[in-house]
Amino acid sequence: MKKPFAVVAIFVAVCSVCFAAAGQYSFGDGRFYADLLPSDELYPEALFDIYSPQSDLTPMFLSGGVSNPIDLRAIVQDSAGMNQYVDLPYRDDDLGSDDNMYLRMKTGINLSLFRIGFGLHDALSKPLVEIEGSVQGTVSTLFCGFEKNDTLGFDGTYFFGANVRIADIVSLRFGLHHFSGHYGDEMLEKFYAKNGIDFSSSDPKLKINGTAYKYIGLMEYVRDNSYLMGVSVQTPWFVRIYGELEIPKNPSWIRPFAHTPADYENTIPGDEGRPTLIDRIGGDAADGEHWKQSQLDAEQELKRSGNYKALRIMTGVEVTVPIPSFGSVFAGVNIQLHQDGQTKHQYGQYSADNPWEFEITAGGGIEIGSGLRIEAFYHEGRVPALNWFYSRTKMVGVGFSIDG
């Protein structure tokens, strides 16, 4: 990871020196231009992607009679040394009907580092092709909006790569994308206390329905890193259509073990004895999930039976109508498909015949000027906190957002 960031840093430093005198230079009667740190981006982000790189403050309310997410998915080991995933509560399910509010706070940044454009599109009098370097980063937190307002967790994402726009209509993107989920401290403290997990020894135990198990740890969601490819088409009728494909690169770091594809490489120094990523993530390393080797081998063989790569697909459509001297009104639908749904997020459950997991977010709002948006949306899919990916919910959100 250090090498790509070093290259980006050197590139930005060189560009800063070359273009210190002015933000943009044009040559050849406007047929070529170069711009350092332009104020916009060539590839528009999805308005209703839960993890898009924008800042927002959004109260979210459970809808459709769904329950509060009160379980954490843990890894435990029985007396025979066999592992399993189990859902254990961090609190009693004693929340009232009014305890259905959550608060999402997200800070995002979306930067175009350096852009070049060349050629003229006669109909638009704009560059035919524009290319830019892009970096993004987002930190998102989901608070419980009741009692002590504990945080379920905080998530981090980033992207770095390149965007291309053609004829001011078609935008393309390609780069590396990262997801990483983290549990909130309050959740962990309550979880340990509720389930009687004692860390005073190196072999913590807990009881489930009277049976003793060794506590291994909690399931975590990580994608470090994936290739992200996208295309966006802005039609002349205020309608934008987009689609993206995310493919974990090989080698990469994919958690949990149940989501890891077969035969992905493990390149961690000192782990030459674990030839595949399934062996590394699921094995007995300090940060592994400590499954038995026979279970790892069985999972590897099961994943080989289908074309499982832990893919993610995102698509959607948006309508943005400008209002002179005010801003715009907008509406959109975002759909996401997760191939890891074919695993049912459990050991030994993968099948190519299982459906991909489906999410939909739809909403609309108004944008004041060119920045602040007031929006409302409906989300049906995963709880919008990465480590709760196995929990489904229905939520309505009403809040504010600003482009990163």
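Computed from a predicted structure; not experimentally measured.

### Let's talk about the pattern of salt bridges
- Across all of its chains, the model carries 28 salt bridges by this definition.
- A salt bridge links Arg-115 to Glu-132; the nearest nitrogen and oxygen atoms lie 2.8 Å apart. Highlighted residues: Arg-115 in strand β6 (residues 101-121) and Glu-132 in strand β7 (residues 126-144), separated in sequence by 17 residues. There is no split in this pair, since Arg-115 and Glu-132 are both buried.
- Notably, a salt bridge pairs Asp-271 with Arg-274, separated by 2.5 Å at the nearest N-O pair. Assigned by exposure class, Asp-271 and Arg-274 land together as buried.
- Here the salt bridges share partners, and the residues they tie into one network are Arg-223, Asp-340, Glu-357, Arg-382 and Arg-392.

### Quick word on the side chain of Glu-132
- On the basis of relative accessible area, Glu-132 is assigned to the buried category, the value being 2%.
- Polar side-chain contacts of Glu-132 include one of 2.8 Å to the side chain of Arg-115.
- A distance of 2.9 Å separates polar atoms of two side chains, one belonging to Glu-132 and the other to Asn-163.
- Here Glu-132 is in contact with Asp-40, Glu-41, Leu-42, Tyr-43, Ser-112, Phe-114, Arg-115, Gly-161, Ala-162 and Asn-163, once residues within four sequence places are set aside.

### Description of unusual backbone geometry
- Geometrically, the link from Asp-224 to Asn-225 is a cis peptide bond, its omega value of 0° lying close to zero.
- Following Asn-250, the chain continues into Pro-251 via a peptide bond in cis, with omega recorded as 10°.
- By secondary structure assignment, the location of Pro-251 is in strand β13 (residues 239-255).
- We note that Ala-167 has phi near 55°; this positive angle belongs to a residue other than glycine.

### Here's the deal with the environment of Tyr-85
- Mapped onto the fold, Tyr-85 is located in strand β5 (residues 83-89).
- Note on Tyr-85: relative accessible area 6%, which makes it buried.
- The spacing of Tyr-85 and Gly-217 is 132 residues in sequence and 9.9 Å in space, taken between C-alpha atoms.
- Sequence-distant contacts of Tyr-85, defined by excluding residues within four places in its chain, comprise Arg-73, Ala-74, Ile-75, Met-219, Pro-256, Phe-257, Ala-258, Glu-289, Trp-291, His-345, Gln-346 and Tyr-347.
- There is a polar contact of 3.5 Å between the side chain of Tyr-85 and the backbone nitrogen of Ala-258.

### Focus: helix α2 (residues 185-194)
- Those residues of α2 lying buried are Met-187, Leu-188 and Phe-191. Looking straight down α2, one finds that the buried residues subtend no more than 95° of arc, so they occupy a single side. Facing away from the buried side of α2, by more than 90 degrees, are the exposed residues Asp-185, Glu-189 and Ala-193.
- Tucked into the core, α2 has its buried residues touching β4 (71-77), β5, β8 (151-166), β9 (170-183) and β11 (211-218).
- One or two positions beyond α2, positive phi appears at Gly-196, with a value near 60°.

### Examining the packing of aromatic side chains
- Enumeration over the complete set of coordinates arrives at 19 aromatic pairs.
- When the centroid spacing of 6.3 Å and the interplanar angle of 55° are considered together, the rings of Phe-48 and Phe-377 count as tilted. Of this pair, Phe-48 sits in the loop between β2 (32-36) and β3 (54-62) while Phe-377 sits in strand β17 (residues 372-382); the two residues are 329 residues apart in sequence, bridging distant segments of the chain. Pair check on accessibility: Phe-48 and Phe-377 agree, each one buried.
- Seen in terms of ring centroids, Tyr-192 and Phe-199 are 4.8 Å apart; in terms of plane orientation they differ by 75°. Their pairing is edge-to-face.
- The exposure class of Tyr-192 is partly exposed, given its relative accessible area of 25%.

### What about a nonpolar patch on the surface?
- A contiguous nonpolar surface patch, about 870 Å² in accessible area, is contributed by Phe-238, Val-319, Val-321, Ile-323, Phe-326, Val-329, Ile-366, Ile-368, Leu-372, Ile-374, Phe-400 and Ile-402.
- Considering each element in turn, the nonpolar patch owes the most residues, 3 residues, to strand β14 (residues 312-323).
- Note on Ile-366: relative accessible area 30%, which makes it partly exposed.

### A few points about the nonpolar core
- Residues Leu-72, Tyr-90, Leu-152, Phe-191, Leu-206, Leu-218 and Trp-388 are the most contacted members of the largest nonpolar core, which totals 52 residues.
- When near neighbours in sequence (up to four residues on either side) are disregarded, Leu-206 contacts Val-76, Leu-88, Asn-195, Ile-197, Thr-211, Ala-212, Tyr-213, Lys-214 and Tyr-215.

### Some points on the pairing of strand β18 (residues 392-403)
- Sheet topology places β3 next to β18; 7 bridges connect them, and they run antiparallel. Pairing of Leu-62 across the sheet is with Met-395, part of β18.
- One ladder, built from 11 bridges, connects β17 with β18; its direction is antiparallel. Among the inter-strand pairings, Glu-375 is bridged to a residue of β18, identified as Gly-399.

### Some remarks on the sheet that holds β4
- With respect to topology, 4 strands assemble into an open sheet ordered β5-β4-β11-β10, the strand pairing being antiparallel. Lying at the two open borders of the sheet, with one neighbouring strand each, are β5 and β10 (205-208). Each neighbouring strand pair of the sheet contributes to a mean axis angle of 55°, computed without reference to strand direction.
- Both β4 and β5 contribute to a ladder of 7 bridges, which runs antiparallel. By the bridge assignment for β5, Ile-75 is matched with Tyr-85.
- Helix-sheet contacts for α2 involve β4, β5 and β11, and the interaxial angle to β11 is about 170°.

### What to know about the pairing of strand β16 (residues 357-368)
- Only one face of β16 is covered, namely the one carrying Glu-357, Glu-359, Thr-361, Gly-363, Gly-365 and Glu-367; the face carrying Phe-358, Ile-360, Ala-362, Gly-364, Ile-366 and Ile-368 has none of its residues buried.
- Pairing geometry for strand β15 (residues 327-338) and β16, over 12 bridges, is antiparallel. Across the sheet, the residue bridging to His-338 is Glu-357, located in β16.
- Where β16 meets β17, 9 bridges bridge the pair, whose relative direction is antiparallel. Residue pairing for β17: Ile-366 is matched across the bridge by Ile-374.
- Taking the residues that link successive antiparallel strands as the turn, the β16-β17 hairpin has 3 residues, and the phi of Gly-369 there is positive, at about 70°.

Cut-off values and rules
- Residues numbered from 1 in each chain as written.
- Predicted model: local features only at pLDDT ≥ 70, side-chain atom pairs only at ≥ 80, totals over all residues.
- Heavy atoms only, no water.
- Salt bridge = Lys/Arg side-chain N within 4 Å of Asp/Glu carboxyl O.
- Helix = DSSP H or I, 4+ residues; strand = E, 2+ residues; numbered from the N terminus.
- Buried < 20%, exposed > 50% of the residue type's maximum accessible area, 1.4 Å probe, protein only.
- Polar contact = N/O pair within 3.5 Å; in protein donor to acceptor, adjacent residues only side chain to side chain.
- Contact = heavy atoms within 4.5 Å.
- Arc of directions from axis to C-beta.
- Phe/Tyr/Trp six-rings, centres within 6.5 Å; stacked < 30°, edge-to-face > 60°.
- Patch = residues over 30% accessible without salt bridge, like charges linked within 9 Å, V, L, I, M, F, W, Y side chains within 5 Å.
- Areas by Shrake-Rupley, 256 points an atom, 1.4 Å probe, with all protein chains shown as cover.
- Core = buried A, V, L, I, M, F, W, Y, C linked by side-chain atoms within 4.5 Å.
- Pairing = 2+ DSSP bridges.
- Axes fitted to C-alpha atoms, helices over the stretch in contact; angles between N-to-C directions.

By themselves, these figures tell us nothing about what the structure is for.
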